[in-house]
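So the chains spell out like this:
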Amino acid sequence: MISRRDFIKKTVIGVAGASIPVAALELLTPRRLRAEKEDKSRVRWVFLVDTYKCVGCGMCVKACKLENEIPYDANVTRTWVERYVTTKDGKVHADTPKGARDGFITSKIDLGTDGSLDIRKEDIDKAFFVPKLCNQCENPPCVQVCPVGATYQAPDGVVLVDRSWCIGCGYCIMGCPYGVRFFHPVYHTAEKCNFCYHRINKGLQTACVQACPFGARRIGNIKDPRDPVAKIITTERVAILKEEYGTKPQVYYIGLDKEVK
Amino acid sequence: MVHGELWTAKELFVYPNEYIYWSVQIVMYPFMTGLVAGAFVLSSLYHVFGIKQLKDMARFALVFSFALLFAAPMPIVLHLQHPFRGINVFMTPHFTSAIAAFGIVFSAYGAIVASELWFLYRKHFVDIALPLKEKQDKTLFEWFRFIIFCTLTLGVYDVSEQSLKRDEKAIRVLAAVGIPVACFLHGYAGFIFGSVKANALWMTPLMPVIFIMSAIVSGIALCMLTYIITMEIRKFLASRKKTPYQMYQSREELKSAEINVIKMTARYLLFFLIFAISLELLDLIFRGYTAVKSWDVLRSVIYGRDFTDIFILQYLVGNLIPFILFLLPGLTIRRALLGVVLVIFGVFMMRWNVVIGGQAFSLTFAGYMHYHLPIIPHDWETFKEGLGGALAIFIMPFALFWVLIKIFPVFSFKESH
């Protein structure tokens, strides 16, 4: 006759044993093992922006919105272009009307609720454009702060969002120093540039790279020594944005100015 | 419409995706958790440190803390874009995130408050359940009452002297454990903000400590406010002689008891208020003195755009005036009432200035964002993240308290414990 104590004991052991999921005992095939080991080390996507080549046409922003189905008229965008104008009095004026989706069609600087500012050509010391997108940081603060793990870094460095798991708390949006994240107007989940992950994994270029008529944007694999982008980043002088946050951004810039925010 | 666009006005150079994503509900969240923590600490002052004068307040504060506990996570639920996925935080907590542990810390704290309440009211449950159990032909209402209180006893009917002594010990232990947990619960809310390195205003290690101090201040103030209101109602009832409220003491007795409790509690309020203000000023001075890259834009926000919110509404109306009101000799109930209302308002403004103020400037440090609180809602979103939603959250604990005191009477029995 089994005693009550023994019965309970055995039940607990039985339930605990049965609750070990079968998935935990999954067998790794040699093929998958190799793929997991090698993929981690073979690809690290990086981006290179040559600001000298950018003219602020906004084709990249348009292409991105269409490719990634960000509602065209919504005032959010995965990538955008900023314009910087330094005047002779030492002031810096910057704007990005509608993320430069339609390009910079007027010389007036957009000041938001303050209207706009017309700067005379002869007052300008220098002016240039800076395209922006997600930096796919090596140390991404957005991934760190996500309470449910809905945003994560792929082994190739790209930070992705799982739309089916994001709770929409907005902590990642707050955590990003570059302001690249926003809530998708349709899905109401965190949204960001993912280097057109669906395209680059098929060997295609990102939509913005393909749309840029001047070759200002390029994507590459920093781990491939023969990659032209990797060559430029490793052998020429490039800069990154907001280094002080310790995020180790992986979008590199040629011709970055100290005034770039 | 993009989330946040409706209530955000952008000025000068702001990144295209920047909006005030954390709106009034995120102001309410630390405000409400702060009240929970503060109320609990107040009740613990009696149970742990044996401050006898707070005896009346202690039981009151504990029940109120329990009522607040249910309201505290509501702002987050209203804020989430996918509220029904909120459960994901429990299912796949990602522990590098400060929010991930919220569920765990919160439930642990809730369990402590609930068990402390149980020990405190166990005798009361038994006193009600036992006679009902023996009573034949119960009315429907009595059945209902019987089932509730019988369940609440958890099957323990032992109310001997010895077991009540053990209860008291358990209460003391729970209250003692509860203090650090309450501080952790709220310090941790401060950490959620303080650890955002992208936000120049939020990022300071002082944030959790500032949050704890102001939490205790607001919790004590709210307990005092509710205490005064309920005492006024009791006085009113006591003055109506023909009412069946014989259990109430006379009006004069109530009045002297009330002012004593208020005076004593006000002392602790002042003590924590001094701590809170010192820390906040330290933070401000330090920022100005070190003047790192972000200081230019912070200064323009603190001393310019948000001057009224910070210096007039928070520091002057919410801190300095009540400080003087409490310090002046001969504290009266009316003055205390005004004081605590101002203190609660001040703490609310502090939360507001942190949450909304932290988003008042752009990540570019070259632009600003203005928040326009939606007052008249025209859809669900403008209601829940507008004045209506915030008020609903604020009223909720009072409504809950009204229900809870039917089960956990905070005044009725003349003397038991």
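Residues numbered from 1 in each chain as written. Chains lettered and ligands numbered in written order. Predicted model: local features only at pLDDT ≥ 70, side-chain atom pairs only at ≥ 80, totals over all residues. Heavy atoms only, no water.

**Q** What should I look at first to understand empty space enclosed by the protein in this one?
**A** Here the idea is plain: a probe the size of a water molecule rolls over the atoms and shows the empty space left. Evaluation of the coordinates by the stated rule reveals eight cavities of 30 Å³ or more. Taken as a whole, the largest cavity spans an internal volume of roughly 300 Å³. Lining the largest cavity are 19 residues, with L201, D283, Y315, N353 and V354 of chain B positioned closest to its centre. For the lining of the largest cavity, the secondary structure elements donating two or more residues are α8 (207-239), α9 (251-290), α10 (295-305), α11 (307-327) and α12 (333-355) of chain B. Looking at the lining of the largest cavity, the element that brings in the most residues is α9 of chain B, giving four residues. A per-class count over the lining of the largest cavity returns eleven nonpolar, four polar and four charged. Together, 19 residues line the second largest cavity, and I173 and M174 of chain A together with E18, L363 and M369 of chain B are the ones closest to its centre. (1 Å grid on protein atoms, 1.4 Å probe; cavity = no way out; pocket = protein on both sides within 12 Å on 5 of 7 lines; lining within 4 Å. Points joined across faces, edges and corners; volume = space filled by probe spheres on them. Helix = DSSP H or I, 4+ residues; strand = E, 2+ residues; numbered from the N terminus. Nonpolar A, V, L, I, M, F, W, Y, C, P; charged D, E, K, R; others polar.)

**Q** It is not clear to me how the domain arrangement of chain A should be interpreted in this structure. Could you clarify?
**A** For an interface, size is often stated in terms of accessible area lost upon the parts coming together. Residues and elements named next belong to chain A. Taken domain by domain, chain A comprises domain 1 (45-136 + 194-254) and domain 2 (141-191). Between the C-alpha centres of domain 1 and domain 2 there is a distance of 21 Å. Taken together, the 23 residues of domain 1 in the interface contact 17 residues of domain 2. Taken together, both faces of the contact between domain 1 and domain 2 bury some 1600 Å²; the carbon and sulfur share is 64%. The largest per-residue losses of area from domain 1 upon contact with domain 2 belong to Q136, Y197 and T247, which jointly make up 27% of the total buried on that side. In this structure, R78 and E191 form a salt bridge, with 2.4 Å as the shortest nitrogen-oxygen distance. The interface formed by domain 1 and domain 2 contains nine residue pairs in polar contact (both at pLDDT 80 or more). (Domains from an automatic or database assignment. Contact = heavy atoms within 4.5 Å. Buried area = accessible area lost by both parts, 1.4 Å probe. Salt bridge = Lys/Arg side-chain N within 4 Å of Asp/Glu carboxyl O. Polar contact = N/O pair within 3.5 Å; in protein donor to acceptor, adjacent residues only side chain to side chain.)

**Q** Sorry if this is basic, but what is going on with the sheet that holds strand β1 (residues 45-50) of chain A here?
**A** Working definition: the strands of a sheet are paired by backbone hydrogen bonds and lie parallel or antiparallel to each other. Residues and elements named next belong to chain A. The three strands lie next to each other as β11-β1-β12, forming an open sheet whose pairing is mixed. Strand pairing shows two members of the sheet lacking a second neighbour, β11 (217-221) and β12 (251-254), which therefore form its edges. Strand after strand, the sheet turns through a mean of 25 degrees between neighbouring axes, direction not considered. Relative to β11, β1 is paired through five bridges, and the arrangement is antiparallel. Residue V46 lies in a different strand from β11, and its bridge partner there is G220. (Pairing = 2+ DSSP bridges. Axes fitted to C-alpha atoms, helices over the stretch in contact; angles between N-to-C directions.)

**Q** Can you walk me through the interface of chain A and chain B in this structure?
**A** Facing 55 residues of chain A, the contacting portion of chain B comprises 45 residues. Between chain A and chain B lies a buried interface of about 3900 Å² when both sides are counted; carbon and sulfur atoms form 59% of it. It is I167, Y171 and M174 of chain A that lose the most area in chain A upon contact with chain B, and together they represent 19% of the buried surface on that side. Here chain A is connected to chain B by one salt bridge.

**Q** It is not clear to me how the packing of aromatic side chains should be interpreted in this structure. Could you clarify?
**A** All names here are of chain B. Counted under the stated rule, the structure contains 43 aromatic pairs over all chains. Pairing F64 with F401 gives two aromatic rings, centres 4.8 Å apart and planes at 85 degrees, and the pair type is edge-to-face. With F64 in helix α2 (residues 55-71) and F401 in helix α14 (residues 387-407), this pair connects stretches of sequence that are 337 residues apart. Exposure class is identical for F64 and F401. Each is buried. Aromatic pair W352 and Y371: ring centres 5.6 Å apart, planes at 55 degrees, arrangement tilted. Note that W352 is positioned in helix α12 and Y371 in strand β2 (residues 367-371), a separation of 19 residues in sequence. A single burial state applies to W352 and to Y371, both of which are buried. What links up through ring pairs into an aromatic cluster is the set F31, F60, F64, Y227, F348, W352, Y371, F394, F398 and F401. One cation-aromatic arrangement involves K10 over Y19; the distance from NZ or CZ to the ring centre is 4.1 Å. The ring of W118 has R122 lying over it, and the distance from NZ or CZ to the ring centre is 5.9 Å. (Phe/Tyr/Trp six-rings, centres within 6.5 Å; stacked < 30°, edge-to-face > 60°. Buried < 20%, exposed > 50% of the residue type's maximum accessible area, 1.4 Å probe, protein only. Lys NZ or Arg CZ within 6 Å of the ring centre and 35° of its normal.)

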